[in-house]
Amino acid sequence: MRVQIAPSVYASPLLRVGEALDAVEAAGVDALHLDVMDGHFVPAISFGVLFVREIRARTSLPLDVHLMVAQPENLLDELAAIGVRGVTVHAEAFAARPDGSRELGEVLRTIRGAGMRAGIALQPGTSDTVFDVFEADIDDLLVMTVEPGASGQSFRLDQIEKIRRVSARARISGIQVAVDGGINPETGAACVAAGARYLVVGSALFSGGLDGIASAVSRMRGAVQT
Ligand code: DX5
Ligand code: ZN
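We now turn to the structure provided with this report. (Residues numbered from 1 in each chain as written. Chains lettered and ligands numbered in written order. Predicted model: local features only at pLDDT ≥ 70, side-chain atom pairs only at ≥ 80, totals over all residues. Heavy atoms only, no water.)

Octahedral metal centres with six donors ideally show angles of 90 or 180 degrees, and tetrahedral centres with four donors ideally show 109.5 degrees. The protein atoms donating to the zinc ion (ligand 2) are His33 (NE2), Asp35 (OD), His66 (ND1) and Asp180 (OD), with metal-donor distances spanning 2.0 to 2.3 Å. Viewed at the metal, the 6 donor atoms of the zinc ion (ligand 2) are separated by angles of 71 to 173°, and the geometry they form is octahedral. In terms of primary sequence, the donors binding the zinc ion (ligand 2) are separated according to H-x1-D-x30-H-x113-D. Taken together, the positions of histidine 33 in strand E2 (residues 32-37) and histidine 66 in strand E3 (residues 63-68) put the pair 33 residues apart, joining distant regions of the chain. The two residues histidine 33 and histidine 66 agree in class, both being buried. (Donors = N, O, S within 2.8 Å, 3.2 Å for Na, K, Ca; no water. Tetrahedral: all angles 85-135°; square planar, octahedral: opposite > 155°, others 65-115°. Helix = DSSP H or I, 4+ residues; strand = E, 2+ residues; numbered from the N terminus. Buried < 20%, exposed > 50% of the residue type's maximum accessible area, 1.4 Å probe, protein only.)

Right under this line is the structure:
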């Protein structure tokens, strides 16, 4: 199966984001990864649904939203109305709630009920046991290979074992394993070898400026195609 490559729009040159989106789409990426951060679940604030709506109008690529927010349930209706393909929420946003496990299950079912793909994201320090509990409720499992909240960090090699473990299970249940953080041709190839089939790529695609996007996508594609 073709490995999915999804540029992280947060890592693109934000004042020229339209041109950056045109360039990644022309280069043949499979989807766009949109990082919504609320300044609470993570210290940074990125962008919200207004920006997601503008992106929807600009491109025909599928949009997959990564919610690094404390209250993901508040955004689901708007994201569904915009027409995003997938919504991934962090397991850690529910861990501290008294009834978090039930609430996470409800959120995942709400996402699917609205016709979107449902995903759980795991920070590097979070065990994948949550995957056992919600295996039947998700389409995507996003393994974070950096601490969430910023682009341009180094890939955490210690996450490869987790990717391998969840990928073996996910293959059987038809769940797509995605990785996010510090992905470049080398680390992306290691993730694909461990079983990941969806790569979020930020600075490795955008750090060379608008003119470097096409060649960065083709280097990425060449390194990870199985
Ligand atoms: C980090 C975000 C990532 C980030 C990826 O919290 O979830 O999607 O933009 O950027 P790179 O590929 O530079 O780590
Ligand atoms: Zn992300």
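So, about the packing of helix H1 (residues 17-26) against helix H2 (residues 49-58). The interhelical angle for the contact between H1 and H2, taken along N-to-C directions, is 45°, at an axis separation of 11 Å. Taken together, the axis directions place H1 and H2 in an arrangement best described as oblique. The handedness of the crossing between H1 and H2 comes out as right-handed. Contacts from Val17, Gly18, Glu19, Leu21 and Asp22 in H1 reach Phe51, Ile55 and Arg58 in H2. The class makeup of the residues in the contact of H1 with H2 is 4 nonpolar, 1 polar and 3 charged. (Axes fitted to C-alpha atoms, helices over the stretch in contact; angles between N-to-C directions. Parallel < 35°, antiparallel > 145°, perpendicular 65-115°, else oblique. Left-handed = near helix turned anticlockwise from the far one by under 90°. Contact = heavy atoms within 4.5 Å. Nonpolar A, V, L, I, M, F, W, Y, C, P; charged D, E, K, R; others polar.)

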